[in-house]
Amino acid sequence: MRYDFTIFGSGISAKITSCLLARDGFKVCLVTDKKQGLEKPPTNLVTFLSVGSLNYLSSQLPDIAFFSKYPEIRAIKCQLNDLNKNRHQSIKFNNESNEILGKIVKNTELEQYLDNKIIKLNNINIINSNPPAHVENITDGVKLTLKSGEVLLSDLFLLSSSQIDISKQLEISFIEQDLKQQALSISIKANLLHKNCAFQKFTSDGPLALLPYSDKEASIVWSLNSNSEILIKNNEELINSINDHLQKEITSTKIISIEKHNLKFVYAKRLRSKNIVLLGNIAHNIHPIAGQGLNLSIKDIALFLKLMTKYRSIGYRVNNNVVLEEYEINRKLDNAAYSFGTFLLNDILSSNNQLINFTARKGIRLADKIRPLKRIFTDSATGNKFFRSL
Ligand SMILES: Cc1cc2nc3c(=O)[nH]c(=O)nc-3n(C[C@H](O)[C@H](O)[C@H](O)COP(=O)(O)OP(=O)(O)OC[C@H]3O[C@@H](n4cnc5c(N)ncnc54)[C@H](O)[C@@H]3O)c2cc1C
């Protein structure tokens, strides 16, 4: 059997893409990178889903009921420390039209929903425990040879996994950097003092985000240098540090779970090589500082799906060069802006250099005063402008 798409990966990007393509009647083969008998333990990671991403997913998957239980995020407050005096500089983003900015949802819940959905779709074949060994562009599609020797033929191959270095077989170069940072992902129970508000503090140890996902629960994401002493603190010491930083935001903090995630920067210079397209973190793995990694991938997926269905309806094949070029050109700028923007932002706002700190504070004060500038940041973070343009 020949497929329209073979997709390799088992992250959220691969799942959303397979689900939407199969739902729209394309023949899909999803090859996962799950190892037999080795189920991934559930993660405590949460995702700030912008209102644009939320509305898009809800419109495409109308039975996605669980979004409604999460509280609305109506404001995001950012705070920068002064290195000399213990003074803070703050900026608050909210939507002038009183629309919400987004919601914070648990990754495991989104993944579970997608897993259940995919299993029920007819035109999707799922292959577990048999990853690709070789990928090759052929004249009218892609030949994917799995470890077992089985060959899959498709018009397009969507690569969405970094598990096996299949990307080395592509004619695509990557900018990669180990950020030598780890993100502590801590789920807490606490008394949250500001409802419907996410908070990010740029501490001298690294950015610390407070992401509330229920009345009494929140996730803390603290990005730290790999040699930071905070990474080796015990729970009691960690709670003390968190309470010090978040004393105006939370009280009665209890840690539920802690995970560590190595942070890596990846930017693919091209999103495709002939009939092979990169989707998700493999195309752009960005710093969690702006909470935009998955939102960026959802924008990619939304445009990809729109172009595939539009051009199929007028008789084009999914690997038509014109269609794929249109996709790549239209996603390049946004992807580059977020990838390199978040990279720089992390450097600037977490810097211990007096001059950089002074300039950053001036910049924040200015941005806070110029309403059109603030609106540009907010519009971009909500994804509204992009999704309306689809
Ligand atoms: C701490 C943290 C907080 C975040 N917060 C937000 C947020 O608020 N908002 C937002 O939009 N995004 C956020 N992100 C980014 C978001 O989680 C990712 O963009 C999203 O999960 C990517 O999914 P993916 O399917 O593209 O890629 P991945 O999750 O990377 O999965 C792709 C595939 O690669 C494999 N894989 C991944 N890493 C490895 C590895 N090291 N070794 C072997 N195989 C691997 C997986 O098995 C999977 O099949 C955050 C990320 C982190 C680390």
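Caption draft 1: Looking closely at the site of the ligand. In the vicinity of the ligand, 24 residues are found, and the nearest of them are Ser10, Ser13, Asp33, Phe48 and Leu294. Between an oxygen atom of the ligand and a main-chain N or O atom of Gly11, the distance comes to 3.4 Å. Within the backbone of Phe48, an N or O atom sits 2.8 Å from an oxygen atom of the ligand. For the ligand, the accessible surface in isolation is 970 Å², of which the surrounding protein chains cover 76%.

Caption draft 2: The arrangement of the domain arrangement of the protein in detail. Assigned domains of the protein: these are domain 1 (2-43 + 107-176 + 265-363) and domain 2 (65-105 + 179-263). Spacing between the C-alpha centres of domain 1 and domain 2 amounts to 28 Å. Contacts between the two partners involve 21 residues from domain 1, matched on the other side by 25 residues from domain 2. Here domain 1 meets domain 2 over a buried area of about 1,900 Å², counting both sides, of which 52% is carbon and sulfur. Summed over the three residues of domain 1 that lose the most area to domain 2, namely Glu109, Leu349 and Arg361, the buried surface amounts to 33% of that side. Run the count over domain 1 and domain 2 and you get one salt bridge. Here Lys69 ties to Glu109 by a salt bridge, and the two come within 2.6 Å at their closest N and O atoms. Scanning the region where domain 1 abuts domain 2 turns up five residue pairs in polar contact (both at pLDDT 80 or more). Of all the secondary structure elements, the ones that give two or more residues to the side of domain 1 that touches domain 2 are α3 (107-120), α6 (321-349) and α7 (354-369).

Calculation criteria
Residues numbered from 1 in each chain as written. Predicted model: local features only at pLDDT ≥ 70, side-chain atom pairs only at ≥ 80, totals over all residues. Heavy atoms only, no water. Near = heavy atom within 4 Å. Polar contact = N/O pair within 3.5 Å; in protein donor to acceptor, adjacent residues only side chain to side chain. Areas by Shrake-Rupley, 256 points an atom, 1.4 Å probe, with all protein chains shown as cover. Domains from an automatic or database assignment. Contact = heavy atoms within 4.5 Å. Buried area = accessible area lost by both parts, 1.4 Å probe. Salt bridge = Lys/Arg side-chain N within 4 Å of Asp/Glu carboxyl O. Helix = DSSP H or I, 4+ residues; strand = E, 2+ residues; numbered from the N terminus.

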